[in-house]
Amino acid sequence: MPEIAARPYPYSFAPAGTALVVIDMQRDFIERGGFGEALGNDVSRLAAIVPTVRDLLAWARAHGIRVVHTREGHRPDLADCPPAKRQRGRPALRIGDAGPMGRILVDGQPGNDIVPDLAPCRGETVIVKPGKGAFYATALDEMLRSQRITHLLLAGVTTEVCVQTTMREANDRGYECLLVEDATESYFPEFKQATLAMVHAQGGIVGWTAPFAAVRASLP
Ligand code: TIU
């Protein structure tokens, strides 16, 4: 079985039972004028991981590892957006408001699209999720179980928000999870480092972490 030199110890996986889950690499978080900037963040840091995520996608596709993309997005009528989420932070532009890339964080709007360099290929699943975790109010768990997926490689943004929440949800559901260190990013570098540390602490309490080079070396 392939093995990734990971922290806190080597991670074994069977490609046929593994999915790569790329979380929320959408314009809303990575480009100016979207939800991320409306929350007061400097969004420029996040674009730096796009080339690594692109290479990770190419590696997974080349080895027959299933790919799942997620987007954080709400229905146009916002019926799936709790008022608490819309009001939080008192931003100038709220979820559903018209922004430079269309309505903020709404499914089908230009800002909700995955960035062009990471566009899903035909046959890849895209999960649109109303929460931070990709398992909440989605069919992700049923979809993975029906495909006999037991291992997840995780990437995307932001590390301590949607990525960590999804990884914890997956861990509690019994998936063996590895977060690809240089294929995830946060608006806050110290939060990214803290998240990586808390994932693999205590013998891998939430799972494993490894750089993409180590992932790639496991299946050349
Ligand atoms: N604000 C922030 O860091 N993240 C989010 O709101 N969503 C995701 O992480 N995708």
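Here the structure is a predicted model, which is why all the values come from computation and not from measurement.

Trainee: Teacher, can you tell me more about the site of the ligand here?
Mentor: Close to the ligand lie D24, F29, F35, L39, E72, K132, V157, T158, V161, C162 and Y187. When the free accessible area of the ligand is taken as 280 Å², the share hidden by the protein chains comes to 93%.

Trainee: Explain the state of the cysteines here, please?
Mentor: Cysteine pairs can be covalently joined through their sulfur atoms, and such a bond is termed a disulfide. Under the definition given, this model contains zero disulfides. Looking at the unpaired C81, the closest cysteine sulfur is the one in C162, lying at 13 Å. Since its relative accessible area comes to 9%, C81 is described here as buried.

Trainee: Before we go on, may I ask you to explain helix 7 (residues 189-204) in this structure?
Mentor: Along an α-helix, residues three or four positions apart point the same way, because every turn accommodates 3.6 residues. Spanning 16 residues, helix 7 covers 21 Å between terminal C-alpha atoms, matching the ideal 22 Å at 1.5 Å per step. Its buried side turned inward, helix 7 meets helix 6 (159-172), strand 9 (176-185) and strand 10 (208-210).

Trainee: Would you mind showing me how to read unusual backbone geometry here?
Mentor: Among all residues save glycine, negative phi is the norm, and among peptide bonds the norm is trans. Of note, the bond from R7 into P8 is cis; its omega dihedral lies within 30 degrees of zero at 5°. For P8, the position within the fold is in the loop between strand 1 (3-4) and strand 2 (11-12). The step from V157 to T158 runs through a cis peptide bond, and the omega angle for that step is -15°. Along the polypeptide, T158 turns up in the loop between strand 8 (151-157) and helix 6. With a phi angle near 55°, L105 is a residue other than glycine that sits in the positive phi range. Mapped onto the fold, L105 is located in the loop between strand 6 (102-103) and strand 7 (125-129). A positive phi angle, close to 55°, is found at R148, a residue other than glycine.

Scoring rules and cut-offs
Residues numbered from 1 in each chain as written. Predicted model: local features only at pLDDT ≥ 70, side-chain atom pairs only at ≥ 80, totals over all residues. Heavy atoms only, no water. Near = heavy atom within 4 Å. Areas by Shrake-Rupley, 256 points an atom, 1.4 Å probe, with all protein chains shown as cover. Disulfide = S-S within 2.5 Å. Buried < 20%, exposed > 50% of the residue type's maximum accessible area, 1.4 Å probe, protein only. Helix = DSSP H or I, 4+ residues; strand = E, 2+ residues; numbered from the N terminus. Expected span 1.5 Å × (residues − 1). Contact = heavy atoms within 4.5 Å.

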